[in-house]
Amino acid sequence: MKGMKTMINMNEVIANVVLTKVCSIKADKDSDETKQISLKVKFDGAKLSSVFDKAVSGAVIQWQNGVGRKNFDTYKNNQTVEIQFTAPASRTAIDPETAMVAKLMTMTAEEQTKYLKGLAAKATK
């Protein structure tokens, strides 16, 4: 029913829930070898409150550093502010170095040199 709010017991313990997420890893930060791994995250035994706390922590920090700070003087101490949770855009994790190598491979040697000099100039500003 539209407009009706559902009450959820946040102390409920989760059972038989597994979510899969693909990530990439390296042996260390200087490694050239990257592997993609599918992680199966088991939530068995966790409380709903723990999962929701983790899910909204990014939204809270974003609000605090953005709208909250910008409009600080308009808020009263202990005021309740309602915000809409939005799921982050789903994107595949790509190692920045791998992405850069792939980009450079599409260029001629001259284009690579020009591009890399441009990046170096930006980095020294």
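Residues numbered from 1 in each chain as written. Predicted model: local features only at pLDDT ≥ 70, side-chain atom pairs only at ≥ 80, totals over all residues. Heavy atoms only, no water.

Turning our attention to the overall build of the chain. Secondary structure assignment for the chain yields 3 helices and 2 strands. When the helices and strands of the chain are listed from N to C terminus, the series reads β-β-α-α-α. Against the compact-globule benchmark of 14 Å for 125 residues, the chain has a radius of gyration of 22 Å, which places it well outside the compact range. Split into buried and exposed, the 125 residues of the chain put 7% on the buried side. Here the chain has roughly 11,500 Å² of accessible surface; of this, 57% comes from carbon and sulfur atoms. Distance between charge centroids for the chain: 7 Å, based on 19 positive and 13 negative side chains. (Helix = DSSP H or I, 4+ residues; strand = E, 2+ residues; numbered from the N terminus. Rg over C-alpha atoms; globule rule 2.2 N^0.38 Å. Buried < 20%, exposed > 50% of the residue type's maximum accessible area, 1.4 Å probe, protein only. Areas by Shrake-Rupley, 256 points an atom, 1.4 Å probe, with all protein chains shown as cover. Lys, Arg positive; Asp, Glu negative; His and termini not counted. Charge placed at Lys NZ, Arg CZ, Asp CG, Glu CD.)

This part takes up helix 1 (residues 48–70). For helix 1, spanning 23 residues, the distance from its first C-alpha to its last is 32 Å, which sits close to the expected 33 Å at 1.5 Å a residue. Of all the bends found along helix 1, the most pronounced is centred on glutamine 64 and spans about 40 degrees. Within helix 1, burial applies to Leu48, Ser49 and Gly68. (Expected span 1.5 Å × (residues − 1). Bend = angle between axes of the 7 residues up to and from the residue.)

Bringing the side chain of serine 31 into the picture now. Following the sequence through the fold, serine 31 ends up in the loop between strand 1 (18–26) and strand 2 (34–42). Within the local environment of serine 31, its side chain forms a polar contact with the backbone nitrogen of glutamate 33, the two atoms lying 3.2 Å apart. The residues touching serine 31, leaving out its near neighbours within four places in the chain, are Lys26 and Glu97. (Polar contact = N/O pair within 3.5 Å; in protein donor to acceptor, adjacent residues only side chain to side chain. Contact = heavy atoms within 4.5 Å.)

The subject of this paragraph is unusual backbone geometry. Here asparagine 16, not a glycine, exhibits a phi torsion of approximately 60 degrees, which is positive. Looking at the element boundaries, asparagine 16 is found in the segment before strand 1.

Another aspect to go through is the environment of glutamine 79. Position of glutamine 79 among the secondary structure elements: in the loop between helix 1 and helix 2 (96–105). Classification of glutamine 79 by relative accessible area gives partly exposed; the value is 40%. Each C-alpha atom, one on glutamine 79 and one on leucine 104, is 52 Å from the other, the two residues being 25 residues apart in sequence. Within polar-contact distance, the side chain of glutamine 79 engages the backbone nitrogen of lysine 76 at 2.8 Å.

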